[in-house]
Amino acid sequence: MRLFFLLTVILFIAAVRIVAQEKSEVCVANHNAPPANAYYWPPDTNVKVYFTRGTFTGEQRVTLLTAMKTWSDSNQQTGAGITFMYAGEIDKVANCNGCLTVTRREVHKNDRKHYAFFNPLKQSSDGLLVSAWIDFDFATTSPKALQGYMAHELGHGLGLWDCKNCKKKKTIMNGFPGINNDNGLLAPSACDLEVVRQVYELQRRVDRNVVVEKQRR
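S.K.: So what's going on with the state of the cysteines? Residues and values would help.
M.R.: Per the counting criterion, the structure on display carries three disulfides. Through a disulfide, cysteine 96 is tied to cysteine 99; the S-S separation comes to 1.8 Å. Across the S-S bond linking cysteine 96 and cysteine 99, the dihedral sits near -95°, which makes this disulfide left-handed. Residue classification places cysteine 96 among the partly exposed positions, given a relative accessible area of 29%. Residue cysteine 99 is classed as buried on the basis of its relative accessible area of 0%. If the cysteines joined by disulfides in the chain are listed in sequence order, their pairing comes out as 1-6, 2-3, 4-5.

S.K.: Explain the packing of aromatic side chains residue by residue, including any values.
M.R.: Tallied over the entire structure, the rule returns seven aromatic pairs. With a centroid separation of 5.6 Å and 65° between ring planes, the pair formed by phenylalanine 51 and phenylalanine 56 is classed as edge-to-face. Summarising the burial analysis for this pair, phenylalanine 51 and phenylalanine 56 share the class buried. Between tyrosine 115 and tyrosine 149, the ring centres sit 6.3 Å apart and the planes meet at 65°, which makes this aromatic pair edge-to-face. Placement of tyrosine 115 in the loop between α4 (107-110) and β5 (116-123) and of tyrosine 149 in helix α5 (residues 143-156) is noted, with a sequence separation of 34 residues between them.

S.K.: Could you give an account of unusual backbone geometry, with specific residues and numbers?
M.R.: Even without glycine at this site, asparagine 30 takes up a positive phi of about 65°. Non-glycine residue aspartate 44 carries a positive phi angle of around 65°. With respect to the helices and strands, the residue aspartate 44 is situated in the loop between β1 (36-40) and β2 (46-52). By relative accessible area, aspartate 44 is classed as exposed at 52%.

S.K.: Before we move on, can you summarise the pattern of salt bridges with the specific residues and values?
M.R.: For the structure on display, the rule yields 11 salt bridges. For aspartate 44, the salt bridge identified is with arginine 204, shortest N-O distance 2.8 Å. With aspartate 44 in the loop between β1 and β2 and arginine 204 in helix α6 (residues 190-216), the pair connects residues that are 160 residues apart, well separated along the chain. In this structure, lysine 144 engages aspartate 182 in a salt bridge whose closest nitrogen and oxygen atoms are separated by 3.8 Å. Of this pair, lysine 144 sits in helix α5 while aspartate 182 sits in the loop between β7 (158-160) and α6, and the two are 38 residues apart along the sequence. Within this structure, Arg53, Arg61, Glu89 and Asp91 form a network of salt bridges that share partners.

S.K.: Any chance you could break down the side chain of glutamate 153 for me, citing the residues and the numbers?
M.R.: If you trace the backbone, glutamate 153 turns up in helix α5. In this structure glutamate 153 is buried but unpaired, with arginine 105 as the nearest side chain of opposite charge at 9.7 Å. Ignoring anything within four residues of it in the chain, the contact list for glutamate 153 reads Ala116, Phe117, Phe118, Ile134 and Phe136.

S.K.: Which residues make up α5, and what values do they have?
M.R.: Across its 14 residues, α5 extends 20 Å between first and last C-alpha, which sits within 8% of the 20 Å expected from 1.5 Å per residue. Among the 14 residues of α5, 13 are classified as buried, and the element is accordingly described as predominantly covered.

S.K.: Quick rundown of the pairing of strand β4 (residues 99-105)? Include the residues and the values.
M.R.: A large share of β4 lies buried, amounting to six of its seven residues. The pairing of β2 with β4 spans four bridges and is parallel. Bridged to tyrosine 50 within β4 is threonine 101.

S.K.: Summarise the packing of helix α2 (residues 58-72) against α5; cite the residues concerned and give the values.
M.R.: For any two helices packed against each other, the geometry comes down to the angle between their axes and how far apart the axes lie. It is the contact of α2 with α5, at a shortest axis distance of 8 Å, that shows an interaxial angle of 35°. For the crossing formed where α2 meets α5, the hand is right-handed. Contacts between α2 and α5 involve Glu59, Gln60, Thr63, Leu64, Thr66, Ala67, Met68 and Trp71 from the first element and Pro143, Leu146, Gln147, Met150, Ala151, Leu154 and Gly155 from the second. In terms of residue class, the contact of α2 with α5 is made up of nine nonpolar, five polar and one charged.

The rules behind each value
Residues numbered from 1 in each chain as written. Predicted model: local features only at pLDDT ≥ 70, side-chain atom pairs only at ≥ 80, totals over all residues. Heavy atoms only, no water. Disulfide = S-S within 2.5 Å. Buried < 20%, exposed > 50% of the residue type's maximum accessible area, 1.4 Å probe, protein only. Phe/Tyr/Trp six-rings, centres within 6.5 Å; stacked < 30°, edge-to-face > 60°. Helix = DSSP H or I, 4+ residues; strand = E, 2+ residues; numbered from the N terminus. Salt bridge = Lys/Arg side-chain N within 4 Å of Asp/Glu carboxyl O. Lys, Arg positive; Asp, Glu negative; His and termini not counted. Contact = heavy atoms within 4.5 Å. Expected span 1.5 Å × (residues − 1). Pairing = 2+ DSSP bridges. Axes fitted to C-alpha atoms, helices over the stretch in contact; angles between N-to-C directions. Left-handed = near helix turned anticlockwise from the far one by under 90°. Nonpolar A, V, L, I, M, F, W, Y, C, P; charged D, E, K, R; others polar.

Written out as structure tokens, the structure is:
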């Protein structure tokens with residue numbers, strides 16, 4: 001009888017732990033997951049990424065490319081189909097389909113709340129991105145910080161918005177503590193990927209409905 005009681009208690013404790021673990025992994029907007037953004041690249045876009053000429057050192061370029069690869073490799077989890085391909089250096093912001101330019105300016109001097117910006121350059125009639133650029137502050141020189149910033153800014157183009165209320169180190173969309181400091185992450189979290197998955201699942205559903213509606217006409 002006593003053995004049965006002990007086994008019952010052990011099973012109950014294990015069940016409580018499993019439930020607690022499952023609850024902790026639930027993605028909740030503005031808690032451990034960022035809210036969705038209003039704009040993002042169309043599904044299955046191969047984004048051509050340009051760096052402004054002479055703006056980044058070799059070491060800095062490596063970390064920027066690493067952040068790009070991290071997001072490209074996430075398609076299996078998100079279903080977005082977005083890939084980021086380095087297209088070389090350029091003298092001005094590229095305004096072409098599926099083009100993203102990474103450049104620098106005095107971001108923090110002009111806006112004390114930010115150290116970098118994602119800027120839509122051109123959008124389609126339904127709000128999807130056609131081209132865009134990212135501004136990093138001239139003073140952000142740490143390769144590690146740049147990798148975190150790059151992963152964050154690329155997240156904006158994948159349908160993620162800043163999450164000021166999220167717990168620290170829960171999302172790449174957390175704020176940054178300083179101009180040369182990362183926010184504790186260098187890649188998207190599981191909840192970041194889940195929000196992107198939801199954004200693109202909905203967009204693909206919309207695209208299918210548009211095709212069906214055209215076929216009916």
